[in-house]
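Spelled out from the first residue to the last, the chains are:
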Amino acid sequence: MSRTSFSPRASVDGASATSRKSKNEANVTVASPEFDAEVAAAAPLLRGTALTAAIACVAGTGFTLFGYDQGVMSALLTAKQFENTFPQVIVNSSEPANHATLQSFVVAIYEIGCLIGALSNLWIGDWLGRRKTIVLGGIIMIIGAILQTTSFSYSQMVVARIITGLGNGLNTSTVPSYHAECSPAARRGSLIMIEGSLITFGIMISYWIDFAFFWISGSSAQWRVPIALQIVLAVVMIAGISFLPESPRWLAKHGRNAEALAVISALDGKPHTDPGVQQTYIGIREAIAAEAHRGSDSTPLREVFTNGRSQNFRRAFLGVVVQCFQQITGINLITYYATLLFERLGIDDVKSRIIAAANGTEYFLASLIAIALIDRVGRRPLMLFGAVGQTITMVLLAVLGSIDSSGTQVASAVLLFVFNSFFAIGWLGMTWLYPAEIVGLRIRAPANAFSTASNWTFNFMVVMVTGPSFNNIKWGTYIVFAALNAFIIPIVYFFFPETAGRSLEDMDVVFALAYNEGVSPVQVSLRKDVPPAGSAEADEILGISGREGSLREDPARKVDSEKP
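Cut-off values and rules
- Residues numbered from 1 in each chain as written.
- Predicted model: local features only at pLDDT ≥ 70, side-chain atom pairs only at ≥ 80, totals over all residues.
- Heavy atoms only, no water.
- Helix = DSSP H or I, 4+ residues; strand = E, 2+ residues; numbered from the N terminus.
- Buried < 20%, exposed > 50% of the residue type's maximum accessible area, 1.4 Å probe, protein only.
- Contact = heavy atoms within 4.5 Å.
- Axes fitted to C-alpha atoms, helices over the stretch in contact; angles between N-to-C directions.
- Parallel < 35°, antiparallel > 145°, perpendicular 65-115°, else oblique.
- Nonpolar A, V, L, I, M, F, W, Y, C, P; charged D, E, K, R; others polar.
- Salt bridge = Lys/Arg side-chain N within 4 Å of Asp/Glu carboxyl O.
- Polar contact = N/O pair within 3.5 Å; in protein donor to acceptor, adjacent residues only side chain to side chain.
- Core = buried A, V, L, I, M, F, W, Y, C linked by side-chain atoms within 4.5 Å.
- Phe/Tyr/Trp six-rings, centres within 6.5 Å; stacked < 30°, edge-to-face > 60°.
- Lys NZ or Arg CZ within 6 Å of the ring centre and 35° of its normal.
- Expected span 1.5 Å × (residues − 1).
- Patch = residues over 30% accessible without salt bridge, like charges linked within 9 Å, V, L, I, M, F, W, Y side chains within 5 Å.
- Areas by Shrake-Rupley, 256 points an atom, 1.4 Å probe, with all protein chains shown as cover.
- pLDDT = per-residue confidence, 0-100.

*Asks:* Would you mind going over the overall build of the protein in detail, with residue names and values included?
*Replies:* If you tally the helices and strands in the protein, you get 29 helices and zero strands. The buried share among the 564 residues of the protein stands at 58%. Taking all contacts inside the protein whose residues are at least 6 apart in sequence as the whole, residues at least 24 apart take part in 81%.

This is the structure we're talking about:
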């Protein structure tokens, strides 16, 4: 049976609105001029490279906004006008001892908003779809940014940062999934690693904008304008997404098959009858069929906590762990407190800001290396390389911090640049790519909500304890993070499967084959003999061949078999 004779409207039992029709009606529907017309009518405005680039730009704008919002507070914490408006953030020997905690709290509370936003995606992500969720997140961020810009009290700033975080939590748990689901397997890694680079681009421009407005010391515009500028990025993201199609995998999951096929065709820049387009489409539909066998009473959220052939819990947990690992590396010691760290090294106010901005620039440039390597080298080698380098750097920072001379202070400043480089190559974009790749379609929205929530939970923990930690154990803080980075290395080596070069549906086959053979998914992921999704061999591994309504069954033969 050739793939081109597959009915695009074949039933996916329990996976869509079509499944609620009679099975006979769904199974006898074959490719027709009417269906071709539906596909043509649903064609996106852009096709091929233009569409791929547009999706990358809009997704990248979302992550530039994310990076900008992360970095903008770094230099503002010690800006004169910010301290005048919020004296609770001033930390020195003449101020109350709890100011270090209050300073950390106004920064870290943003992560709590992000956590709530990410968790809310458990319920609204699959309901609204990827595009509408991104729009909602952008609108909430605009509201939060306006409230931050107009703040006149510490409590108002705290509430405003929570609201901004809500929107960012929605976006960061949706944008990677949307981009991954709209990217070809061969370039998915590099395309999503661009998002990681754009996080650092946002951080970089926030540092330089902070430095530019540092000189406006007689007006509260010194800190209000840098915060307000994030609204521009949010508006661009919302406007851009309105011209883009919905994820084909979300469309297929919700029974909108003609639209799904039209989007796949547009992404590939080929007719919808092209064999490659059909294979991608069949692979998606078969993944849905394999995941739908649990029945309509089993929700995606409930299925996150199941294992069996799909290995859902294991896969979702890997996403949670990789996001946790990104944060416990200690990167946000630098991202949120770069200016303060350089000031603690004895560097004056102006030079600290210049070096922090230069640090952000180098961070962005280093992240470009990962784009070139991710699909050539793979995910696991880059994660291991980053973790080893980060461990060594943290050890050296602790050693130099214990000596505390002018020479070691310069060396420590250089090592902060080195740490950024290792992190940018190994872990920056990786933790937004990997959770979207590792889980199946049916649980992708709730699983990514959990993984993003993990990111923000540990982000909050790190940012919250950093100020008090440096005040109490000083250079010993680096020892803690050196140990945490060392812990990451064996976990990645033994438990993290490789995803490079495989379609999102291929990973379903990898985990099912590992389950069938009773071996580690890591071993299977490194093999070259795993059949691709959409093949008859993959059907058998997934356990969907021979079931009623198989997507590979000849529709004409099925019609004959159902005649009385």
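*Asks:* I'd love a proper account of the packing of helix α11 (residues 221–228) against helix α12 (residues 230–241), names of residues and values included.
*Replies:* At their nearest, the axes of α11 and α12 sit 4 Å apart, and the two run at 10° to each other. With respect to α12, the axis of α11 lies roughly parallel. Seen from α11, the contacting residues are P226, I227 and A228; seen from α12, they are Q230, I231 and V232.

*Asks:* Lay out the packing of helix α23 (residues 430–438) against helix α26 (residues 504–517) with the relevant residues and their values.
*Replies:* Where α23 meets α26, the axes come as close as 8 Å, and the angle between the chain directions of the two elements is 65°. Across the interface between the two elements, A436, E437 and I438 of α23 pack against L504, M507 and F511 of α26. Of the residues contributing to the contact of α23 with α26, the split by class is five nonpolar, no polar and one charged.

*Asks:* Which residues make up the pattern of salt bridges, and what values go with them?
*Replies:* With the rule as written, the count across this model stands at 11 salt bridges. Residue R315 is joined to D508 by a salt bridge in which the shortest nitrogen-to-oxygen separation is 2.7 Å. Separated by 193 residues along the polypeptide, R315 in helix α17 (residues 312–328) and D508 in helix α26 bring together distant segments of the chain. By the burial criterion, R315 is buried, and D508 matches it. Notably, a salt bridge pairs D529 with R527, separated by 3.0 Å at the nearest N-O pair. Residue classification places D529 among the exposed residues on the basis of a relative accessible area of 53%. Among the residues examined, R527 registers a relative accessible area of 26% and is labelled partly exposed. Residues participating in the shared-partner salt-bridge network are R130, E181 and R444.

*Asks:* I'd love a proper account of the side chain of S451, names of residues and values included.
*Replies:* Structurally, the position occupied by S451 is in helix α24 (residues 444–472). Of the residues examined, S451 reaches a relative accessible area of 1% and is grouped as buried. Only 3.0 Å separates the side chain of S451 from the backbone oxygen of N448, close enough to count as a polar contact. Apart from the residues within four sequence positions on either side, S451 is in contact with G319, V320, Q323 and P435.

*Asks:* I'd like to hear about the nonpolar core, residue by residue, with values.
*Replies:* By size, the foremost hydrophobic cluster in this structure holds 142 residues, and its most contacted members are F82, F325, W427, Y478 and F496. Counting residues per element, this core draws most heavily on helix α3 (residues 48–71), at nine residues.

*Asks:* Describe the packing of aromatic side chains, naming the residues involved and giving the relevant values.
*Replies:* For any pair of aromatic rings, the description rests on two quantities: the centre-to-centre distance and the angle between the ring planes. Applying the stated rule across the entire model yields 24 aromatic pairs. Between F63 and F66 the ring centres are 5.8 Å apart and the planes differ by 75°, which places this aromatic pair in the edge-to-face class. In this pair, F63 and F66 both sit in helix α3, three residues apart, roughly one turn of the helix. Taken together, a centroid distance of 5.3 Å and an interplanar angle of 55° make the contact between F201 and F364 tilted. In this pair, F201 is assigned in helix α10 (residues 185–214) and F364 in helix α20 (residues 349–377), connecting sequence segments 163 residues apart. You can call F201 partly exposed: its relative accessible area is 29%. Cluster of aromatic residues (ring-pair linked, three or more members): F63, F66, Y110, W432 and W456. The ring of Y493 is capped by R380, whose NZ or CZ atom sits 5.5 Å from the centre of that ring.

*Asks:* For the environment of N448, give the residues involved together with the corresponding values.
*Replies:* Residue position: N448 is located in helix α24. Through-space distance from the C-alpha of N448 to that of I438 is 10.0 Å; in sequence the pair is 10 residues apart.

*Asks:* Can you explain helix α25 (residues 476–495)? Please cite residues and give values.
*Replies:* When the terminal C-alpha atoms of α25 are compared, their 30 Å separation across 20 residues agrees well with the 28 Å that a helix rising 1.5 Å per residue should span. Listed in full, the buried residues belonging to α25 are G476, T477, Y478, F481, A482, N485, I488 and V492.

*Asks:* Give a description of a nonpolar patch on the surface that names residues and reports values.
*Replies:* A contiguous nonpolar surface patch, about 350 Å² in accessible area, is contributed by L45, L46 and F243. Relative to the helices and strands, L45 resides in the loop between α2 (33–41) and α3. On the basis of relative accessibility, which here comes to 72%, the residue L45 falls in the exposed class.

*Asks:* I'd like to hear about unusual backbone geometry, residue by residue, with values.
*Replies:* Unlike most non-glycine residues, Q311 shows phi in positive territory, near 55°. For Q311, the location among the structural elements is in the loop between α16 (300–303) and α17. In this model, K474 sits at a positive phi of 50°, which is unusual for a non-glycine residue. With respect to the element layout, K474 can be found in the loop between α24 and α25.

*Asks:* Report on the confidence of the model for the protein, specifying residues and quantitative values.
*Replies:* Mean pLDDT over the protein works out to 84, with 90% of the residues at or above the 70 mark. For residues 1–30, every residue scores under 50 in pLDDT, and the model assigns this stretch 75 contacts once sequence neighbours within four places are set aside. Confidence over residues 552–564 falls short of pLDDT 50; this stretch has 22 contacts with residues more than four positions distant or in other chains.

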